[in-house]
Amino acid sequence: HPGCGKSMSAERIAWNLGLPFLKVRFEAILSSYLGESAGNLRGLFDSIADYPCVLLLDEFDYIGKKRESNNDVGEMHRIVNILLHLMEEYASPGILIATTNVENSLDNALFRRFDDVIEIPRPSEKEIHQLLKSTLSSIKISNKIDWKIIANKLNGYSAAIVVKIAQDASKEAVLKQDLPVNESHILKAIKENKDTGK
């Protein structure tokens, strides 16, 4: 799902390992001029051959979408084969991570090249409560907020939107000089973000 912390998790892995973190949008590698894409891919893998790092290929499902919509299926098939070969040859002391929001969009042969597949679900109500509290930890908040009701309203929302709602509520309270942050600020922020939350 978008906004559930995939990139942040990859960054955290790099931080824990003490390795540089490189994030590449997969869409940017696959040029609109498909002929350049193979060179872009080779250039990317060449550049990290002797550079231990955590490389994140973000929006990896783009390759699936592109293949479905592109008329030149043969060219896209060639690029998938080049990528398979590059991943097979990848022997750097670093880690390769790819993220996708679309289940089953990846070529099975590509999917098998990864040692582990980790699903990051949307946060539970308990995690939503923790996210709200930690985001609001540096500002005064009312002790009359019914966190259970708030977390229930946000059930099914992505972590990124939960954080945004907490930030919006605190901005509202500060701008209106209406501290501490109370339930009405949070409910207003939920209402304003309801179309983007799920």
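See the structure shown above.
This structure is a prediction, so every number in the text was calculated from the model and none was measured. (Residues numbered from 1 in each chain as written. Predicted model: local features only at pLDDT ≥ 70, side-chain atom pairs only at ≥ 80, totals over all residues. Heavy atoms only, no water.)

Enquirer: Would you mind going over the packing of helix α7 (residues 125–135) against helix α9 (residues 159–175) in detail, with residue names and values included?
Expert: At a closest axis distance of 9 Å, the pairing of α7 and α9 adopts a crossing angle of 40°. With respect to each other, α7 and α9 are oriented oblique. For the crossing formed where α7 meets α9, the hand is right-handed. Facing Ile128, Leu131, Leu132 and Thr135 of α7, the residues of α9 in contact are Ala159, Val162, Val163, Ala166 and Gln167. (Axes fitted to C-alpha atoms, helices over the stretch in contact; angles between N-to-C directions. Helix = DSSP H or I, 4+ residues; strand = E, 2+ residues; numbered from the N terminus. Parallel < 35°, antiparallel > 145°, perpendicular 65-115°, else oblique. Left-handed = near helix turned anticlockwise from the far one by under 90°. Contact = heavy atoms within 4.5 Å.)

Enquirer: Help me get a handle on unusual backbone geometry, residues and values and all.
Expert: Glycine aside, the phi torsion of most residues is negative, and most peptide linkages are trans. Backbone torsion omega between Leu179 and Pro180 reads 0°, so that peptide bond is classified as cis. Within the secondary structure, Pro180 is located in the loop between α9 and α10 (183–193). A positive phi angle, near 55°, is found at Glu59, a position not held by glycine. Following the sequence through the fold, Glu59 ends up in the loop between β2 (54–58) and α4 (62–69).

Enquirer: Describe the environment of Lys133, and please don't skip the residues or the numbers.
Expert: For Lys133, the position within the fold is in helix α7. For Lys133 and Trp147, which are 14 residues apart along the polypeptide, the C-alpha to C-alpha distance reads 9.1 Å. Once residues lying within four places of it in the same chain are set aside, the contact partners of Lys133 are Ile141 and Trp147.

Enquirer: Break down the sheet that holds β2 for me, with residues and values.
Expert: Strand order in the open sheet made by the three strands is β1-β2-β3, with parallel pairing throughout. For this open sheet the edge positions go to β1 (21–25) and β3 (95–98), each flanked by a neighbour on one side alone. Averaged over neighbouring strand pairs, the angle between their axes works out to 20° when direction is ignored. Note: β1 against β2, five bridges, orientation parallel. Note that in β2 the partner of Leu22 across the bridge is Leu55. Most of the contacts of helix α1 (residues 6–17) go to β2, to which it runs at about 175°, and overall it touches β1, β2 and β3. (Pairing = 2+ DSSP bridges.)

Enquirer: Give me a nonpolar patch on the surface: which residues, what numbers.
Expert: Judged by side-chain polarity, Ile13, Leu17 and Ile95 come together as a nonpolar surface patch covering roughly 230 Å² of accessible area. Within the secondary structure, Leu17 is located in helix α1. According to the relative accessible area criterion, Leu17 is partly exposed, its value standing at 48%. (Patch = residues over 30% accessible without salt bridge, like charges linked within 9 Å, V, L, I, M, F, W, Y side chains within 5 Å. Areas by Shrake-Rupley, 256 points an atom, 1.4 Å probe, with all protein chains shown as cover. Salt bridge = Lys/Arg side-chain N within 4 Å of Asp/Glu carboxyl O. Buried < 20%, exposed > 50% of the residue type's maximum accessible area, 1.4 Å probe, protein only.)

Enquirer: If you had to explain the packing of α9 against α10 to someone new, which residues and values would you point to?
Expert: Contact geometry for α9 and α10: axes closest at 8 Å, N-to-C directions at 125°. In terms of orientation, α9 lies oblique with respect to α10. Crossing of α9 over α10 shows right-handed handedness. Contact with α9, carried on its side by Ile161, Lys164, Ile165, Asp168, Ala169, Glu172 and Ala173, involves His185, Ile186, Lys188, Ala189, Ile190 and Asn193 of α10 and no other residues of that element.

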